[in-house]
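Residues per chain, in single letters:
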Amino acid sequence: MTSATPFHKILVANRGEIALRVMRTARALGYRTVAVYSTADAGALHVAQADQAVCIGEPLPAQSYLCIPAIIEAARRTGADAVHPGYGFLAENEAFARACREAGLVFIGPSPEAIAAMGDKAGAKRRMSEAGVPCIPGYQGEDQGEERLRTEAGRIGYPVMIKASAGGGGRGMRLASSDDEFAELLRSAKSEARGAFGDDTVILERAIAAPRHIEIQVFADRHGNAIHLGERDCSVQRRHQKLIEEAPSPAVTPELRERMGAAALAAVKAIGYEGAGTLEFLLDAEGRFYFMEMNTRLQVEHPVTEAITGLDLVELQLRIAAGEALALTQAQVRFDGHAIELRLCAEDAGQGFMPQSGTLALWQPPEGLRVEHALRSGAEIPPWYDSMIGKLIAHGRTREEARRRLLHGLEALVALGVTTNQLFLGRCLAHPAFAAGEATTAFIAQHADALLAPDDAAHLRAAAVAAVLLHETAGERRRQPGDRALTHSLAIPLRFDVDGRRHAGRLQLREQQRFDVDIDGNAIELAMVRLDGDRARLVCDGVMETAVFHREGTRLLLHYRGRPFAIDDQARSAGVRPGEGGGDGKLRASMNGRVVAVLVAVGDRVQAGQPMVTLEAMKMEHIHAAPAAGRVGALHVAVGEQVAAHRVVAEIEAGAS
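Throughout what follows, the structure given in this document is the object of discussion. (Residues numbered from 1 in each chain as written. Predicted model: local features only at pLDDT ≥ 70, side-chain atom pairs only at ≥ 80, totals over all residues. Heavy atoms only, no water.)

Observations regarding the overall build of the protein chain
Part 1 of the reasoning: Within the protein chain, the secondary structure is distributed over 17 helices and 39 strands.
Part 2 of the reasoning: In terms of overall size, the protein chain behaves like a compact globule, its C-alpha atoms giving a radius of gyration of 26 Å where 657 residues would be expected to give roughly 26 Å.
Part 3 of the reasoning: Across the 657 residues of the protein chain, 55% fall into the buried class.
Part 4 of the reasoning: A total of about 26000 Å² of accessible surface is found on the protein chain, and carbon and sulfur atoms cover 49% of it.
Part 5 of the reasoning: Here the protein chain holds 74 positive side-chain charges and 83 negative ones, and the gap between their average locations is 3 Å. (Helix = DSSP H or I, 4+ residues; strand = E, 2+ residues; numbered from the N terminus. Rg over C-alpha atoms; globule rule 2.2 N^0.38 Å. Buried < 20%, exposed > 50% of the residue type's maximum accessible area, 1.4 Å probe, protein only. Areas by Shrake-Rupley, 256 points an atom, 1.4 Å probe, with all protein chains shown as cover. Lys, Arg positive; Asp, Glu negative; His and termini not counted. Charge placed at Lys NZ, Arg CZ, Asp CG, Glu CD.)

Here it is, written out as structure tokens:
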């Protein structure tokens, strides 16, 4: 088929930053846009910025963003004649692409047949093997019985990677190091895959030690033309999900790029592919690469490719979907400089990267970087969806220039109210191994101690700043320097938590605008120069600088020296401190989520740390373990139930026989 396929109004079947990203290019090309949203996203930016918007269901993805009939009906009601799936949700769903075609809608992506051929990991590996592309040894059979899979894992040899066949993004993926843990990891992988993709089929692959994750961006049109836009290095990952991506890769030579690009183009031409796609490979220490999977959609990390090529990848998608031929040949593709992207996620790196949700009280993106987001101060971060809430991209003439710009912009970013991985990302960027271009997929595991280490000095400084700000912003009006209620002779006792860590001390005015602050026996001098809105200009131990803050009653959210802090004033509180609360034998939900497994029964004896309940939040499973040894006295949840953060889900009777 070579004829043009004109369309005029595009429904974006997604949410958040990718919905806004697609709409931005669509508007620039003269297309009208339609947003779809769940009831949890009624106030979201992608809804407000679309020309039209339709509510398609309840918060759970299966009831909204994964509901094909509701999306097709939204297109019919608004007169949309094309659908862009973004990434995630239904972007690689053959049934969705087919439903769009049957409804007379242009699907801005590959054909259902191509998605079926390459979107399924097992089928894609078989096709690539037949085409001569090197593949990782593994099992892609139809027999999904536990015993067969266990036998195949033994044949492949541990460690073995269990991977959901239908999806991507690290969901439904587990690393089994031995036969003893295989069965439970298989159950968990299948459960997560079923919830994320509606298909619990898995494949097995031999785990390659500390490889690099390299992907090749390709585009193909319906006229037989295909190009690649070079590689991206996506090796810095946690839970098999990417955190930092860059282009080009520090490990790929021009000769290797040519070979990998040729393999990627041969793959897409073999299946008559049309649109944007990404071939993902593992690159070992000896320079051998192995096909891993193909993503038949736009990638989260596409901005780094845009930065070094000067191309708008969404525009290429729209033009190809409309029937146009690619406007450039492989020889015309040029690369300029280096680009690095960070994924800002609502998660607690210090607690196993546990997803977070809540109200983003203060949001101020930095200048000088490309920031893709759908956020604003006061925005709700719901627990139902992916934890990534934004992306920061820097481009430079060299890798070091891009890294330096990105680190500076990241430190200037203000995101207060919901715990994010901002500090963790900064430490990754600043780590010598990353700075030297040596990071592999083992980077985070190898350097976890340094990346997650507490910073006592930073806590003390933040505590001192918080002490003064809590005093200066108390009452109905803010005090200004020179307008003091604190006398020289009276010291105010301090007791507050900084990121859950208790601090105590005293605050005393030494002279006008100057304070003596004692934090846990450490003396710190601090002067308040100016309060202006949510910014304070101050001098701490002789250094003048700015702190950004947001106060909510006895809670102070602080951005200081490039990182966020959450301070809770406990001067008048006798409550349980954060982090405490296992001593009463009650197991509490650590986040809003859905119960996907109850692993014990009332009356069972458990040991401290034994898994009891598994919750799913933001498409990831999180095991909740017994806080103490004893007998299970009560279970307050059932599989399928939705629970709120801090709710008691089980009770343990310590010492019960």
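Details of the sheet that holds strand β4 (residues 82–84)
Part 1 of the reasoning: Ordered by their spatial adjacency, five strands build an open sheet running β3-β2-β1-β4-β5, and the pairing between neighbours is parallel. The open sheet terminates on both sides in strands that have one partner only, identified here as β3 (52–57) and β5 (106–107).
Part 2 of the reasoning: Across three bridges, the pairing between strand β1 (residues 9–12) and β4 is parallel. Residue pairing for β4: Ile 10 is matched across the bridge by Ala 82. (Pairing = 2+ DSSP bridges.)

A look at the pattern of salt bridges
Part 1 of the reasoning: For the structure shown, the criterion picks out 54 salt bridges.
Part 2 of the reasoning: The partner of Lys 391 in a salt bridge is Glu 17, with the nearest N and O atoms 3.5 Å apart. On the criterion of sequence distance, the pair formed by Lys 391 in strand β22 (residues 388–396) and Glu 17 in helix α1 (residues 16–28) is long-range, its members being 374 residues apart. The two residues Lys 391 and Glu 17 agree in class, both being buried.
Part 3 of the reasoning: One salt bridge in this structure joins Arg 21 and Asp 312, with 2.8 Å as the shortest N-O distance. Of this pair, Arg 21 sits in helix α1 while Asp 312 sits in the loop between α10 (302–309) and α11 (313–321), and the two are 291 residues apart along the sequence. (Salt bridge = Lys/Arg side-chain N within 4 Å of Asp/Glu carboxyl O.)

Structural notes on the state of the cysteines
Part 1 of the reasoning: If you walk through the whole model with that rule in mind, you get zero disulfides.
Part 2 of the reasoning: The thiol sulfur of Cys 55 is not disulfide-bonded, and the nearest other cysteine sulfur, from Cys 67, lies at 11 Å.
Part 3 of the reasoning: Cysteine Cys 234 remains unbridged, with the sulfur of Cys 345 as its closest cysteine sulfur at 14 Å.
Part 4 of the reasoning: By relative accessible area, which is 0% here, Cys 234 ends up buried. (Disulfide = S-S within 2.5 Å.)

What about the pairing of strand β15 (residues 338–345)?
Looking along a regular strand, one sees the side chains alternate between the two faces of the sheet.
Part 1 of the reasoning: In terms of residue burial, β15 counts as a mostly covered element, since eight of its eight residues are buried.
Part 2 of the reasoning: Residues His 338, Ile 340, Leu 342 and Leu 344 line one face of β15 and the alternating positions Ala 339, Glu 341, Arg 343 and Cys 345 line the opposite face, and both faces are buried.
Part 3 of the reasoning: Where strand β12 (residues 241–247) and β15 come together, four bridges link them in antiparallel fashion. Its bridge partner lying in β15, Ala 247 is registered against Ala 339.
Part 4 of the reasoning: In the sheet, β15 pairs with β22 via eight bridges, with the strands oriented antiparallel. Residue His 338 lies in a different strand from β22, and its bridge partner there is Gly 396.

Quick look at the sheet that holds strand β32 (residues 586–588)
Part 1 of the reasoning: Here four strands make up an open sheet; going across it, the order is β32-β39-β37-β34 and the pairing antiparallel. The open sheet has two edge strands with one neighbour each: β32 and β34 (605–606).
Part 2 of the reasoning: Here β32 pairs with strand β39 (residues 648–653) via three bridges, running antiparallel. Within β39, the residue paired with Arg 588 across the bridge is Val 648.

Topic: the nonpolar core
Part 1 of the reasoning: Core analysis: the biggest nonpolar cluster contains 68 residues, and Phe 7, Ile 10, Phe 219, Ile 244 and Phe 443 have the highest contact counts within it.
Part 2 of the reasoning: For Phe 443, the contacting residues outside a window of four places in its chain are Val 236, Cys 428, His 431, Ala 433, Phe 434 and Leu 451.
Part 3 of the reasoning: In this structure, Ala 466, Leu 469, Phe 515 and Cys 540 belong to the second largest nonpolar core, which totals 33 residues. (Core = buried A, V, L, I, M, F, W, Y, C linked by side-chain atoms within 4.5 Å. Contact = heavy atoms within 4.5 Å.)

Structural notes on the side chain of Glu 92
Part 1 of the reasoning: If you trace the backbone, Glu 92 turns up in the loop between β4 and α4 (94–102).
Part 2 of the reasoning: According to the relative accessible area criterion, Glu 92 is buried, its value standing at 18%.
Part 3 of the reasoning: A polar atom in the side chain of Glu 92 sits 2.9 Å from the side chain of Arg 297.
Part 4 of the reasoning: Setting aside residues no more than four positions away along its own chain, Glu 92 makes contact with Ile 115, Met 294, Asn 295, Thr 296 and Arg 297. (Polar contact = N/O pair within 3.5 Å; in protein donor to acceptor, adjacent residues only side chain to side chain.)

Considerations on the packing of α4 against helix α5 (residues 112–119)
Part 1 of the reasoning: At their nearest, the axes of α4 and α5 sit 8 Å apart, and the two run at 175° to each other. In terms of axis orientation, α4 runs roughly antiparallel to α5. Across from Glu 94, Ala 97, Arg 98 and Arg 101 in α4, the residues of α5 making contact are Pro 112, Glu 113, Ile 115 and Ala 116.
Part 2 of the reasoning: Each residue belonging to the contact of α4 with α5 can be placed in one class, and the counts come to four nonpolar, no polar and four charged. (Axes fitted to C-alpha atoms, helices over the stretch in contact; angles between N-to-C directions. Parallel < 35°, antiparallel > 145°, perpendicular 65-115°, else oblique. Nonpolar A, V, L, I, M, F, W, Y, C, P; charged D, E, K, R; others polar.)

What to know about the packing of α1 against α11
Part 1 of the reasoning: For the pair α1 and α11, the least separation of the axes is 9 Å and the interaxial angle reads 65°. Pair α1 / α11 crosses with right-handed handedness. Two secondary-structure elements touch here, α1 through Arg 21, Val 22, Thr 25 and Ala 26 and α11 through Leu 313, Val 314, Glu 315 and Leu 318.
Part 2 of the reasoning: Residues that form the contact of α1 with α11 fall into these classes: five nonpolar, one polar and two charged. (Left-handed = near helix turned anticlockwise from the far one by under 90°.)

Some points on the pairing of strand β37 (residues 630–635)
Part 1 of the reasoning: Note: β34 against β37, two bridges, orientation antiparallel. Bridge assignment links Arg 605 to a residue of β37, and that residue is Arg 631.

Some words on empty space enclosed by the protein
Part 1 of the reasoning: Enumeration over the complete set of coordinates arrives at five cavities of 30 Å³ or more.
Part 2 of the reasoning: A volume near 60 Å³ is recorded for the largest cavity.
Part 3 of the reasoning: Lining the largest cavity are 13 residues, and of these Asp 233, Val 236, Glu 246, Phe 434 and Ala 439 lie nearest its centre.
Part 4 of the reasoning: Mapped by element, the contributors of at least two residues to the lining of the largest cavity are β11 (226–238) and β12.
Part 5 of the reasoning: Ranked by residue count, the leading element in the lining of the largest cavity is β11, at four residues.
Part 6 of the reasoning: Along the lines of polarity and charge, the residues of the lining of the largest cavity split into six nonpolar, two polar and five charged. (1 Å grid on protein atoms, 1.4 Å probe; cavity = no way out; pocket = protein on both sides within 12 Å on 5 of 7 lines; lining within 4 Å. Points joined across faces, edges and corners; volume = space filled by probe spheres on them.)

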